[in-house]
Amino acid sequence: MINGFSPFAYRFRGDTLSVFYLEWKKIVIKERFKSIKIDYNPLKNRKYVGIINKVGMGEEGYQLIP
């Protein structure tokens, strides 16, 4: 679905897939879904590291694609 784009963190809640990545990366998911909304979240380094820490601790449903 996201070729060549790693690492990134994501969280799936309800009908929304939230994708978290460093702001200097430009991504667009070309696949379209009828029932899933994609929420893009480009983050500054400090906020991204905070999300990665939550992934490591298993908090708030965050996952990581290495």
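Residues numbered from 1 in each chain as written. Predicted model: local features only at pLDDT ≥ 70, side-chain atom pairs only at ≥ 80, totals over all residues. Heavy atoms only, no water.

Time to look at the side chain of Thr-16. Along the chain, the position of Thr-16 falls in strand β2 (residues 16-22). Within the structure, the side chain of Thr-16 is placed 3.2 Å from the side chain of Asp-15, a separation counted as a polar contact. Residues within four places of Thr-16 in sequence aside, it is in contact with Arg-11, Lys-37 and Asp-39. (Helix = DSSP H or I, 4+ residues; strand = E, 2+ residues; numbered from the N terminus. Polar contact = N/O pair within 3.5 Å; in protein donor to acceptor, adjacent residues only side chain to side chain. Contact = heavy atoms within 4.5 Å.)

The mixed open sheet is built from 4 strands, whose spatial order is β3-β2-β1-β4. Each having just a single partner strand, β3 (37-43) and β4 (63-65) make up the two edges of the open sheet. Neighbouring strand axes in the sheet, compared pairwise and without regard to direction, differ in orientation by 25° on average. Alignment of strand β1 (residues 8-13) against β4, held across 3 bridges, turns out to be antiparallel. By the bridge assignment, Ala-9 is partnered in β4 with Leu-64. (Pairing = 2+ DSSP bridges. Axes fitted to C-alpha atoms, helices over the stretch in contact; angles between N-to-C directions.)

Counting 8 residues, the largest nonpolar core consists of Ala-9, Phe-20, Leu-22, Leu-43, Tyr-48, Ile-51, Val-55 and Tyr-62. Taken together, the elements giving at least two residues each to this core come down to β2 and α1 (45-57). Here the element with the most residues in this core is α1; it accounts for 3 residues. Leu-17, Val-19, Ile-27 and Ile-29 belong to the second-largest nonpolar core, a separate cluster that totals 7 residues. (Core = buried A, V, L, I, M, F, W, Y, C linked by side-chain atoms within 4.5 Å. Buried < 20%, exposed > 50% of the residue type's maximum accessible area, 1.4 Å probe, protein only.)

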